[in-house]
Each structure stands twice: as C-alpha cells, then as structure tokens.
Amino acid sequence: MFENTKAFSGFSADDIPAAKKFYGETLGLAVSEENGILTLHIAGDRPTLIYPKEDHTPAGFTILNFPVDEIEKAVDELAERGVEFERYDGFDQDEKGIFHGGGPDIAWFKDPAGNILSVLKQD
C-alpha cells in the first residue's frame, strides 16, 4: 500500500522564527517557510516539516539524526556556532560530549524548542 509513497516526517516547535534561524543559519540547512510552517530540505530529497504548536512539549527522544563522516569535526564546528551538547547519565561521553560505545559514535544537542537532535558517525 505505501511501498511507493514518499513519506516525510514532521515535528513541532513553539517559536518558528527561532527554529528557522537555528536550522537555517546555525545548522546550515536549506529552509523554506510557507503558511507559518517550515520545511527543512535535507539530503535524500525527504523534506522534514516543523509546524507551530503553542503548547509544544519536546519529545524525550532523538527526533532527527545527522550522519557525518567525521564526528569530532562536526561537533567542533557546531560548538563554534554556539551549539551546546547534552550529557546523559549512564553514557560515558568524552570531553566534547561524544558517546563512544554501544553503536555509532554520537553526540546529542537540542534545538531552540528543546527537541533532541544528534550528530553521529556514519558507517
């Protein structure tokens, strides 16, 4: 039924202008806005929508992952742009906030709405 459907994902934010600035300027993604809804134009031709929600509550899990070839370089560049990396109990993260073990090397950070994102080393 859905094998040929070009599915896409979406999530909410409580401040669309802040989200547009963060995703467009800080992360460097192509972003468009129409009718108050943002579209992130990410590689792979699968748009991701960010829609406004006044009573937005961030998810308690990672909603968007960005695979990279060099995680240390990506973390350094994001930190230079003001991104702060999250630290979680039970995860042995290095001084940059990168978790090495139990899967791909990964570091988590949040967008202005408190949504959890990650940068991870692609295999």
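Residues numbered from 1 in each chain as written. Predicted model: local features only at pLDDT ≥ 70, side-chain atom pairs only at ≥ 80, totals over all residues. Heavy atoms only, no water.

Undergrad: Explain unusual backbone geometry to me, please; I cannot follow it from the model alone.
TA: The phi torsion of most residues other than glycine is negative, and most of the peptide bonds are trans. In this structure, Asn35 is a non-glycine residue whose phi angle is positive, near 55°. Mapped onto the elements, Asn35 comes out in the loop between strand E2 (30–34) and strand E3 (37–41). (Helix = DSSP H or I, 4+ residues; strand = E, 2+ residues; numbered from the N terminus.)

Undergrad: Explain helix H1 (residues 16–26) here, please?
TA: Think of an α-helix as 3.6 residues a turn; residues three or four steps apart then line up on the same face. Every buried residue of H1 is accounted for by Ile16, Ala19, Phe22, Tyr23 and Thr26. With its buried residues spanning 155° around the axis, H1 presents them on a single face. In H1, the exposed residues that point more than 90 degrees away from the buried face are Pro17, Lys21 and Glu25. Among the residues of H1, the N-terminal cap falls to Asp15, whose side-chain oxygen and the backbone nitrogen of Ala18 are separated by 3.1 Å. Following H1 by one or two positions, Gly28 adopts a phi angle in the positive range, close to 75°. (Buried < 20%, exposed > 50% of the residue type's maximum accessible area, 1.4 Å probe, protein only. Arc of directions from axis to C-beta. Polar contact = N/O pair within 3.5 Å; in protein donor to acceptor, adjacent residues only side chain to side chain.)

Undergrad: Sorry, what's going on with the environment of Asn65 here?
TA: Its place among the elements puts Asn65 in strand E5 (residues 62–68). C-alpha separation for the pair Asn65 and Phe91, spaced 26 residues apart in sequence, amounts to 18 Å. Leaving out residues up to four positions away in the same chain, Asn65 has contacts with Ser118 and Leu120. (Contact = heavy atoms within 4.5 Å.)

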